[in-house]
Amino acid sequence: MSSTSPTSDIHKGSIVLVTGATGFIGSHTVAQLLEKGYKVRGTVRNLEQASWLPALPRIKPFADKGDLELVEVPDLGVPRAFDDAVRGVSAIINIAAITSFDLDPNNVIPADIQGITSVLESAMTQPTVRALVHTSSILASTMLMPGLGHDVGPGSFNDLAVKLAWAPPPHDPSQPLLVYAAGKVESDKALWKFVDERKPKFRVNAVLPSAVLGEPLNQKHVDNSAVYVRWVTDERTDNLNGMPAFYAIDVGDAARLHVAAALDPDVNAKRMHTWGVKGNWNDVLAVVRKLRPQRKFMADMADPKQLSITTDETLYRDLLKKWFGQDDWVSLEGMVANNFKGGYLD
Ligand SMILES: NC(=O)c1ccc[n+]([C@@H]2O[C@H](COP(=O)([O-])OP(=O)(O)OC[C@H]3O[C@@H](n4cnc5c(N)ncnc54)[C@H](OP(=O)(O)O)[C@@H]3O)[C@@H](O)[C@H]2O)c1
């Protein structure tokens, strides 16, 4: 691990706003910011239901000294929803999004667009803001189809997902994923349109993670978002066949990249394709069999696939090294093992 501490214009002790603080990626991002010496203001949908977050052993010492403040934003789709939350913050990490996997695009896409637009509008009112990071997704840039072989770059958008999401019924079983993807495409585009038109004085970057695996910090993470290893342990073949191959990133790495993107004064206007490790379900099965040798798991998939899409992640590996002293992504083996931590997944 490197002992040097890079310099940021986001000063330690200042407040960083994290939206979606109780989410899978959000809660890890909160923990890492606190551990780096920042104060965190986290938006949650319901303060009472969020009480587990400040009680986590990793977070409690910081919460006890007042470094974590939670504020309620019940619905990101309401205009000006973040006006109070942004007051006096030095950076904003906008992680909240509609992750309901709804069939109806009307219930997802407009709210996702409104969410990032509200955050940006509110950020513009605060001269203290130096950086804004938005969580997008690999799905905002490309379909995850084996056989699709292209290089994904800063200008890549998954317009096919938008077209399919709005197509009339009957719908394919992948409709919820297409609607989710379309929400990510449209909110990512709304972000850059706003930047083009309104020219904010703060840095703006988007992080586009692949499938996020790793340590759940609450049962709801395993039930909703940290769900991929569970597809394997629960033998959910419909889900597995719907996404036969993937790139995967550990939630710790995803959170570290959000923090680095906020802190690094030299990173601006990037769509950060942070995809991590390429794999398929047989790779995950091999790891879970090793981790749980007494348990019987499903047979290997008969016709395993691999993705052939590519992207240049050099800058993001460099950022992991620069800000966290880490040489490479957490391995697939490591992130699957992390998924079992906390005892939320048998
Ligand atoms: N997990 C992945 O594999 C993955 C991959 C690529 C990108 N992403 C993106 O990463 C971000 C975080 O996802 P996640 O995996 O951490 O999922 P998550 O655990 O479901 O987190 C989503 C967060 O958004 C909040 N939220 C949902 N609907 C909301 C609404 N209407 N108003 C206000 N807040 C709302 C949730 O609040 P509650 O805590 O109250 O539920 C939660 O904090 C999302 O932008 C997602 O699209 C995730």
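Residue indices follow the written sequence of each chain, beginning from 1 at its first position. The model is predicted, so local features are restricted to residues of pLDDT at least 70 and side-chain atom pairs to those at 80 or more, both for listing and for counting; the totals for chains, interfaces and linings are taken over all residues. Heavy atoms from the whole structure form the basis of all side-chain values; hydrogens and water molecules are not counted.

## Regarding the site of the ligand
Next up, step 1: Surveying the vicinity of the ligand reveals 27 residues, the closest of which are Thr22, Thr99, Tyr180, Lys184 and Lys220.
Next up, step 2: With respect to the ligand, the backbone of phenylalanine 24 contributes an N or O atom lying 2.9 Å from an oxygen atom.
Next up, step 3: Whenever a nitrogen or oxygen atom comes within 3.5 Å of another N or O atom, the pair is scored as a polar contact, on the condition that within protein one atom can donate a hydrogen and the other can accept it, and that pairs from neighbouring residues in sequence are kept only if both atoms are in side chains. At 2.4 Å, a side-chain N or O of lysine 220 approaches an oxygen atom of the ligand.
Next up, step 4: Every accessible area reported is derived by Shrake-Rupley at a probe size of 1.4 Å, with residue values counting cover from the shown protein chains alone. Protein contact buries 89% of the 880 Å² of open area that the ligand shows by itself.
Next up, step 5: A helix here means a DSSP run of H or I that spans at least four residues, while a strand means a run of E at least two residues long, and both kinds are numbered starting from the N terminus. When contributions to the shell around the ligand are tallied by element, the ones reaching two or more residues are helix H1 (24-35), helix H6 (175-198), strand E8 (211-213) and helix H7 (219-225).
Next up, step 6: Each residue is assigned to one of three groups, with Ala, Val, Leu, Ile, Met, Phe, Trp, Tyr, Cys and Pro labelled nonpolar, Asp, Glu, Lys and Arg labelled charged, and all others, Gly among them, labelled polar. Taken together, the residues that form the shell around the ligand break down as 14 nonpolar, nine polar and four charged. Any residue with a non-hydrogen atom lying within 4 Å of a molecule or strand is treated as near it.

## A closer look at the environment of serine 100
Next up, step 1: Secondary-structure assignment places serine 100 in the loop between strand E4 (91-94) and helix H4 (109-124).
Next up, step 2: Only protein chains enter the accessibility calculation, which uses a 1.4 Å probe; a residue is then buried when its area is under 20% of its type maximum, exposed when over 50%, and partly exposed in between. With a relative accessible area of 47%, serine 100 lands in the partly exposed category.
Next up, step 3: The spatial distance from the C-alpha of serine 100 to the C-alpha of valine 179 is 9.9 Å, given a sequence separation of 79 residues.

## Describing the sheet that holds strand E9 (residues 245-250)
Next up, step 1: Should DSSP find at least two bridges between two strands, the strands are regarded as paired. Pairing is mixed across the open sheet formed by three strands, whose spatial order is E8-E9-E11. Each edge of the sheet is formed by a strand with only one pairing partner; in this case those strands are E8 and strand E11 (277-280). Taking each pair of neighbouring strands and ignoring which way they run, the sheet shows an average axis angle of 45°.
Next up, step 2: With three bridges connecting them, E8 and E9 associate as parallel partners. Within E9, the residue paired with alanine 211 across the bridge is alanine 248.
Next up, step 3: Contacts were defined at the residue level, with two residues in contact if any of their heavy atoms lie within 4.5 Å. Structural elements are reduced to axes, namely lines fitted to C-alpha atoms, with helices fitted over the stretch in contact, and the angle between N-to-C directions of any two is expressed from 0 to 180 degrees. The sheet contacts of helix H11 (residues 281-291) involve E9 and E11, and relative to E11 the element is tilted by about 90°.

## Description of the UniProt feature "domain: NAD-dependent epimerase/dehydratase" (unreviewed entry) in the chain
Next up, step 1: Mapped onto the present numbering, the UniProt feature "domain: NAD-dependent epimerase/dehydratase" (unreviewed entry) falls on residues 16-266.
Next up, step 2: Along residues 16-266, the helical share is 40% and the strand share 17%, with 18 Å between the first and last C-alpha atoms. UniProt positions are given in the numbering used here, feature names are shortened, and annotations may be inferred rather than shown by experiment.

## Brief notes about the environment of lysine 193
Next up, step 1: As for its placement among the helices and strands, lysine 193 is situated in helix H6.
Next up, step 2: The sequence separation of lysine 193 and aspartate 83 amounts to 110 residues, and the corresponding C-alpha distance is 21 Å.

## Describing the packing of H4 against H6
Next up, step 1: At a minimum axis separation of 8 Å, H4 and H6 run at an interaxial angle of 30°. Considered as vectors, H4 and H6 are oriented roughly parallel to each other. Considering the relative orientation of H4 and H6, their crossing is right-handed. Contact with H4, carried on its side by Ile109, Asp112, Ile113, Ile116, Thr117, Leu120, Glu121 and Met124, involves Val179, Ala182, Gly183, Lys184, Glu186, Ser187, Ala190, Leu191, Phe194 and Arg198 of H6 and no other residues of that element.
Next up, step 2: For the contact of H4 with H6, the residue count by class is 10 nonpolar, three polar and five charged. Roughly parallel refers to an angle under 35 degrees, roughly antiparallel to one over 145, roughly perpendicular to one between 65 and 115, and oblique to any angle outside these ranges. When the near helix sits turned anticlockwise from the far one by under a right angle, the crossing is termed left-handed; a clockwise turn instead gives a right-handed crossing.

## Examining the side chain of aspartate 112
Next up, step 1: Within the element layout of this structure, aspartate 112 appears in helix H4.
Next up, step 2: We count Lys and Arg on the positive side and Asp and Glu on the negative side, and we leave His and both chain ends out. Note on definitions: salt bridges are taken to be side-chain nitrogens of Lys or Arg within 4 Å of carboxyl oxygens of Asp or Glu. Here aspartate 112 occupies a buried position and makes no salt bridge, while the nearest side chain of opposite charge, lysine 184, is found at 5.6 Å.
Next up, step 3: Polar side-chain contacts of aspartate 112 include one of 3.0 Å to the backbone nitrogen of isoleucine 98.
Next up, step 4: Among residues more than four places away in sequence, those in contact with aspartate 112 are Ala97, Ile98, Gly183, Lys184 and Ser187.

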